[in-house]
There are 2 protein chains.
Amino acid sequence: MADGKGLTDRELRTWRTFLGVATVLNHRIEQQLKDTAGLSHPQYEVLARLSNAPDGELRMTELAGVALTSKSGLSYQITQLEKAGLVQRRPCDNDDRGIIAALTEAGWSKLRETAPAHVNLVRSTFVTPLTPDQFTHLTAALDTLGAHLGITPQTITALREPPPT
Amino acid sequence: MADGKGLTDRELRTWRTFLGVATVLNHRIEQQLKDTAGLSHPQYEVLARLSNAPDGELRMTELAGVALTSKSGLSYQITQLEKAGLVQRRPCDNDDRGIIAALTEAGWSKLRETAPAHVNLVRSTFVTPLTPDQFTHLTAALDTLGAHLGITPQTITALREPPPT
DNA sequence: GACCTTTAATTCGAATTTGAATAACTCGCG
DNA sequence: CGCGAGTTATTCAAATTCGAATTAAAGGTC
């Protein structure tokens, strides 16, 4: 478990900066989403993940796997989103235990309205402050850390088309 | 407010990886601190910040500034830490409004017991997976992002000496 | 000194998070 | 079939978070 040595002051400083950046960034985003869309960050995450899945729907467990909350946390958030009419629960065909969460029409709309401003905030706080080289290096470092933590590569594309209607 | 363009898939992927890494890392640390010391990450942060201040004490506001919680959150956590005997509240000399949170003897001990394993976890999950070059680049990128977010440089040194007794 | 604005810290209620317990179901195996 | 182990999702209580309102005191101005 131990790794032998401690951390140098520089390593510790980097770690603290990482925590600080993550915290502040998260806080800013939370703020903006709340103001412009009445959504929390976890809620937006759920919508975005769903929009990225085929037909805009995903089983609870799959959703919990990629989203940043626990299983029970997801249940709660889906309930909230359902109250808001952005998502709907539907039984799973082949598995009577399963529940599928699906984006509603309103969910797609909300996401289309909300995504641009959100993405711009991410861009202006996380991307443009860095030089292209810095960003490339950051990507590489995060990929390495992510792989080491067992995080599945975050294959996500920008907002998809509306439902097949 | 807008920044013109959206995000490329690659940029979005990096962002998601960042969120994932931050979340998982935080979760691991939370877990370990809870198991080995019965502390939450915010609580550990408070102790660490105090230990890094002269005499192991800091005014509430200063502490709230560097710690990762809101003011009310800090009040709550200090109360918890006080119940655990690790911190003590003390009125501020020159300012009757102020409250100073000070590490107790037990607080110093707890931190000395807890810090090594914690630091090793940070090291093994955040530092050693990266090559020295990668880490250097990561530091640079985070510093840039932090500066852009108005985060004060995280000057922190490793665990200090016990109280001057 | 009285007054007003600002700052410090806590308290309050509402919303959210967590893990443990629960309920419902699948699957493999005898 | 029927049992037992493993999965899926929800529910529950407890702990934590946040922001708004509150209380108390400092600092400046007249």
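Because the structure is predicted, anything quoted here is derived from the model rather than measured. (Residues numbered from 1 in each chain as written. Chains lettered and ligands numbered in written order. Predicted model: local features only at pLDDT ≥ 70, side-chain atom pairs only at ≥ 80, totals over all residues. Heavy atoms only, no water.)

Enquirer: Looking at this model, I keep getting lost on the protein's contact with DNA strand D. Mind explaining?
Expert: As a structural note, the neighbourhood of DNA strand D is formed by 19 residues, with Thr61(A), Ser75(A), Arg89(A), Tyr76(B) and Gln77(B) the closest of them. Between Ser72(B) and DNA strand D, the recorded distance is 3.2 Å, taken from a side-chain N or O atom to a base nitrogen. Separating a phosphate oxygen of DNA strand D from a side-chain N or O atom of Gln77(B) is a distance of 2.6 Å. Those elements that provide at least two residues to the surface near DNA strand D are helix H3 (60-66) and helix H4 (71-83) of chain A together with helix H4 (71-83) of chain B. (Near = heavy atom within 4 Å. Polar contact = N/O pair within 3.5 Å; in protein donor to acceptor, adjacent residues only side chain to side chain. Helix = DSSP H or I, 4+ residues; strand = E, 2+ residues; numbered from the N terminus.)

Enquirer: Help me understand the packing of helix H2 (residues 41-51) of chain B against helix H5 (residues 105-127) of chain B, please; the structure alone is not making it clear to me.
Expert: The geometry of a pair of packed helices is captured by two quantities: the angle between their axes and the separation between those axes. Residue and element names in this part refer to chain B. Direction vectors running N to C along H2 and H5 enclose 110°, while the axes themselves pass 11 Å from each other. As judged from the angle between their axes, H2 and H5 are roughly perpendicular. Crossing hand, H2 versus H5: left-handed. For the pair H2 and H5, the contacting residues are His41, Tyr44, Leu47, Ala48 and Ser51 in the first and Trp108, Lys110, Leu111, Thr114, Ala115 and His118 in the second. Counted by class, the contact of H2 with H5 contains 6 nonpolar, 4 polar and 1 charged residues. (Axes fitted to C-alpha atoms, helices over the stretch in contact; angles between N-to-C directions. Parallel < 35°, antiparallel > 145°, perpendicular 65-115°, else oblique. Left-handed = near helix turned anticlockwise from the far one by under 90°. Contact = heavy atoms within 4.5 Å. Nonpolar A, V, L, I, M, F, W, Y, C, P; charged D, E, K, R; others polar.)

Enquirer: Looking at this structure, I do not really get the interface of chain A and chain B. What am I missing?
Expert: The parts lose accessible area when they come together, and the size of an interface is often stated as this lost area. With 63 residues of chain A at the contact, the number on the chain B side is 63 residues. Contact between chain A and chain B buries roughly 6,400 Å² in total, counting both sides, with carbon and sulfur atoms accounting for 68%. Looking at the side of chain A facing chain B, the largest losses of area belong to Trp15(A), Arg16(A) and Leu149(A), adding up to 11% of the total buried there. The shortest N-O distance in the salt bridge between Glu45(B) and Arg16(A) comes to 2.7 Å. The interface formed by chain A and chain B includes 16 residue pairs in polar contact (both at pLDDT 80 or more). (Buried area = accessible area lost by both parts, 1.4 Å probe. Salt bridge = Lys/Arg side-chain N within 4 Å of Asp/Glu carboxyl O.)

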